[in-house]
Amino acid sequence: MNAPASFTRETVSLPIEGMTCASCVGRVERALNAVPGVLDASVNLATERADVRLAGPVERAELIRAVENAGYTVTAATIELAIEGMTCASCVGRVERALRAVPGVSEATVNLATERATVKGAADPATLVAAVAEVGYTARAVDGGAAANAEAEAKKEQEHRILRRDLGIAAGLTLPVFLLEMGSHVIPGMHHLIASTIGMTASWLIQFALTTLVLAFPGMRFYRKGIPALLRAAPDMNSLVAVGTLAAYAYSLVATFAPGLLPAGTVNVYYEAAAVIVTLILLGRVLEARAKGRTSEAIKRLVGLQAKTARVRRGASVVEIEVSDVAPGDIIEVRPGERVPVDGEVVEGDSWIDESMITGEPLPVAKTAGATVTGGTVNQTGAFAFRATAVGGDTMLAQIIRMVEEAQGSKLPIQGLVDKITMWFVPAVMTLAALTFGVWFFFGPDPALTFGLVNAVAVLIIACPCAMGLATPTSIMVGTGRGAELGVLFRKGDALQGLQDAKVVALDKTGTLTEGKPTLTDLVLADGFDRAKVLSQIAAVEAKSEHPIARAVVKAASAEGLSLPALSSFESVTGFGVAAEADGLRIEIGADRYMAKLGHDVGAFGEAAARLADEGKSPLYAAIGGRLAAIIAVADPIKATTPEAIRALHALGLKVAMITGDNRRTAEAIARRLGIDEVVAEVLPDGKVAAIKRLKALGAVAFVGDGINDAPALAEADVGLAIGTGTDVAIEAADVVLMSGSLKGVPNAIALSRATMRNIRQNLFWAFAYNAALIPVAAGALWPVSGILLSPVFAAGAMALSSVFVLGNALRLRHFAAPMAEVAR
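For the protein chain, an unreviewed UniProt entry supplies the name P-type Cu(+) transporter and the organism Ruegeria marina. According to the UniProt record, the Subcellular location (unreviewed entry) comment for the protein chain is "Cell membrane".

Spelled out as structure tokens, the structure:
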């Protein structure tokens with residue numbers, strides 16, 4: 001389907017309830033992909049969210065219907081709207097009616113005093129804004145921020161409370177059933193005691209009553225979801241539990257109330273199996289919910305960094321308002337120890353600000369008038385005022401949260417294999433269970449019916465695909481969250497997988513390896529000349545030039561507090577240098593060929609010139625009053641953290657390449673100093689893409705850059721990493737953003753990628769190996785050689801354990817140790 005020219009391709013996110021395993025994920029994805037206009041849909045079990053890319057305009061209500069038809073629920077969201085133009089109660093009624101008429105809205109309330117509308121449901125903000133506009137008012141979506149997140153957390157906590165309550169009820173009711181039935185088998189004399197006191201009939205009746213309560217109340221969730229899925233010929237994990245427990249329960253019912261229907265020797269009850277299975281699976285769900293909550297702790301911490309209020313100047317007074325009410329242009333005051341509420345520019349005062357939550361760098365940064373400040377950072381000692389430049393969802397912190405959420409919800413290429421397998425997994429398990437029953441019933445020893453039932457139920461219960469569905473997304477969530485703490489933002493989740501394969505790290509020089517600000521590094525004087533006077537005279541001449549080298553010389557003179565003499569003339573000698581008169585003396589500045597043209601012998605500075613060339617610096621000479629006075633060098637200094645970062649990359653087994661427009665001699669001198677393996681020099685901005693393509697011959701390439709001219713190269717590389725202090729264009733083109741201005745984040749990002757992918761492979765191995773090994777055991781494969789059968793009760797325990805193991809393994813990534821640990825907070 002071709003999108004109209006006016007349509008901007010977009011992604012719609014839907015929060016989904018009711019998914020319990022990987023087969024649920026596949027079912028929701030297939031339902032969404034079947035909607036006309038959907039380009040593709042990616043569903044994440046751990047975040048319980050679907051991200052749907054649209055190829056054309058699609059009604060959100062249509063997507064919701066597709067999810068609901070598949071047997072799942074789209075969670076109602078709360079959207080805040082600021083309404084302008086209301087003057088009375090009839091306005092309120094008109095806006096409320098307009099909002100309630102929007103498909104997907106379940107509730108809408110409008111407050112005249114606050115001029116806010118609170119809308120609950122599944123409608124998207126743009127549709128709501130349009131509906132308000134149609135009745136004559138203006139609306140805009142207000143970023144819910146912390147409030148929206150708090151509501152989502154409250155809802156999850158309520159779900160966890162219900163799970164814990166149901167587990168408590170199930171355990172309390174199951175314990176007597178377990179003791180009555182299993183106690184008779186394992187405790188000597190217990191069987192005789194029950195028979196001589198309450199009798200076996202009464203024992204079975206008690207078990208029947210308690211098990212019925214377990215299945216009808218705490219266990220009802222499995223039947224409410226599993227049976228309809230089975231009837232739709234789309235069974236899921238709930239279907240496996242429902243069929244398994246109902247089979248054990250129904251067999252026990254017949255044995256209790258109509259034993260004559262069963263063959264001789266097969267009359268037995270399995271109430272304890274049904275009750276214990278429900279209890280153990282609820283226990284697994286509780287442990288899963290707790291662990292899943294911990295996987296999103298990084299997001300919770302980021303959200304917690306958002307200030308709740310701001311002190312804003314209103315006329316002659318300062319008022320405290322909600323951060324969501326701050327508008328661009330507001331002047332905000334910040335006291336010592338307070339969090340900066342939004343992004344802005346300092347207009348008065350000065351202070352030091354802890355920006356470690358953004359950059360990962362522990363040292364506070366000085367801020368004076370004109371400096372930018374970031375919402376969520378912590379003011380240290382001074383007080384200052386700043387003008388808000390970005391608020392709500394436009395702040396850097398909001399964008400970081402959005403980036404991390406998107407990466408956490410993304411699907412890696414490795415997940416494709418899992419999806420293909422899980423699509424057929426549950427139907428295959430049900431087929432295996434049926435075959436198991438048939439083989440035991442027709443070919444097994446007596447009582448064949450009992451053996452067939454027990455083993456079929458064990459197969460159904462042990463084969464839950466929960467662990468498969470959680471194996472990849474939980475590791476991604478924890479890994480990307482840990483990355484955010486280290487100042488490494490994975491904008492695209494698949495960068496996690498791509499970065500582990502990198503063999504070459506290509507680095508742009510200016511602004512990446514270096515500070516990006518040329519400075520005067522050397523000034524060597526001839527005998528009889530005064531440094532301050534020579535520097536002031538050279539700077540006076542260079543002040544007339546716009547060349548970066550000239551600006552560096554002028555800046556150096558300014559930093560030393562030198563006053564520049566007035567010039568009486570100035571000329572630029574094309575291809576050679578510049579000349580002027582100051583203090584009655586002629587001053588000439590240029591390369592060695594200019595000095596030779598003027599008749600000066602630069603041999604006196606031969607040793608200094610050779611040293612500068614070896615250091616990758618291009619020397620310039622100055623002649624004053626007809627005498628050779630000085631040799632100067634301007635260079636872009638290497639960042640202090642660069643050498644250590646390159647050593648860390650080598651320690652990870654990577655080749656390091658440098659791409660630069662510098663001349664080859666200068667580039668190779670820098671490469672020698674830093675231990676860089678490959679040098680691509682004298683590259684024009686549009687030649688960086690070709691350089692990346694050439695480097696790919698050595699293996700997968702990760703390119704690190706920061707400028708506008710780096711954007712094409714960032715896109716061309718297998719993985720692009722942008723220095724966060726660089727341009728927005730570069731950041732948008734990159735797969736990974738390093739919030740610090742240093743290269744420390746590069747080895748950290750690569751090591752984290754490798755650790756996360758290793759963790760995912762461990763999880764997938766465990767999930768698949770577990771099923772491959774235990775399904776045959778549950779079917780009775782060990783019976784002919786050892787007489788061992790797997791009880792459905794143990795199958796339920798093993799099933800719960802597999803998911804908890806996968807989650808626990810993923811949570812180990814929270815303690816990932818970065819190679820350059822000082823970046824970590």
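There is more to say, and it comes next.
**A few points about unusual backbone geometry**
With omega at -5°, the peptide bond leading from Asp446 into Pro447 counts as cis. The phi angle at Asp583 is positive, at roughly 55°, despite the residue not being glycine. Residue position: Asp583 is located in the loop between strand S22 (577-582) and strand S23 (585-590). The class of Asp583 is partly exposed, set by a relative accessible area of 44%.

**Concerning the packing of helix H15 (residues 448-462) against helix H30 (residues 792-811)**
Direction vectors running N to C along H15 and H30 enclose 5°, while the axes themselves pass 8 Å from each other. Between H15 and H30, the interaxial angle falls into the category roughly parallel. Here H15 contributes Val454, Val457, Ala458, Ile461 and Ile462 to the contact with H30, which in turn contributes Pro792, Ala795, Ala796, Ala798 and Met799. Across the contact of H15 with H30, the residue classes break down as 10 nonpolar, no polar and no charged.

**Description of a nonpolar patch on the surface**
Residues Phe437, Val439, Phe441, Phe442 and Phe443 make up a contiguous nonpolar surface patch of about 560 Å² in total accessible area. Its place among the elements puts Val439 in helix H14 (residues 415-443).

**Digging into the environment of Val578**
By secondary structure assignment, the location of Val578 is in strand S22. Separated by 16 residues in the primary sequence, Val578 and Tyr594 have C-alpha atoms spaced 9.3 Å apart. Apart from the residues within four sequence positions on either side, Val578 is in contact with Val541, Glu542, Phe570, Glu571, Ser572, Val573, Ile587, Glu588, Ile589 and Tyr594.

**Here's the deal with the sheet that holds strand S30 (residues 736-738)**
The strand order S18-S30-S29-S28-S19-S26-S27 describes an open sheet built from seven strands, whose pairing is mixed. Both outer strands of the open sheet, strand S18 (488-490) and strand S27 (678-680), are each paired with one neighbouring strand and no more. Averaged over all pairs of adjacent strands, the angle between strand axes in this sheet comes to 20°, irrespective of strand direction. Both strand S28 (residues 701-705) and strand S29 (residues 719-723) contribute to a ladder of four bridges, which runs parallel. Counterpart to Ala702 in the pairing with S29 is Val719. Docked against the sheet, helix H24 (residues 664-674) engages strand S26 (655-659) and S27, running at close to 155° with respect to S27. Helix H25 (residues 688-695) rests against strand S19 (504-508), S26, S27 and S28 of the sheet, and its axis sits at about 160° to S26.

**As for helix H22 (residues 606-614)**
Along H22, the residues classified as buried are Ala608, Ala609, Leu612 and Ala613. Buried residues of H22, seen end-on, are gathered within an arc of 135° and therefore sit on one face of the element.

**Remarks on the sheet that holds strand S13 (residues 351-354)**
On the basis of which strands lie adjacent, the open sheet formed by three strands has the order S14-S13-S16 and antiparallel pairing. Two strands bound the open sheet, and with one partner strand each, they are strand S14 (365-367) and strand S16 (378-379). Here S13 runs beside S14; their pairing, made up of three bridges, is antiparallel. Bridge pairing in S14 places Ser351 opposite Lys367.

Criteria and cut-off values
Residues numbered from 1 in each chain as written. Predicted model: local features only at pLDDT ≥ 70, side-chain atom pairs only at ≥ 80, totals over all residues. Heavy atoms only, no water. UniProt positions renumbered as here; feature names shortened; annotations may be inferred. Helix = DSSP H or I, 4+ residues; strand = E, 2+ residues; numbered from the N terminus. Buried < 20%, exposed > 50% of the residue type's maximum accessible area, 1.4 Å probe, protein only. Axes fitted to C-alpha atoms, helices over the stretch in contact; angles between N-to-C directions. Parallel < 35°, antiparallel > 145°, perpendicular 65-115°, else oblique. Contact = heavy atoms within 4.5 Å. Nonpolar A, V, L, I, M, F, W, Y, C, P; charged D, E, K, R; others polar. Patch = residues over 30% accessible without salt bridge, like charges linked within 9 Å, V, L, I, M, F, W, Y side chains within 5 Å. Areas by Shrake-Rupley, 256 points an atom, 1.4 Å probe, with all protein chains shown as cover. Salt bridge = Lys/Arg side-chain N within 4 Å of Asp/Glu carboxyl O. Pairing = 2+ DSSP bridges. Arc of directions from axis to C-beta.

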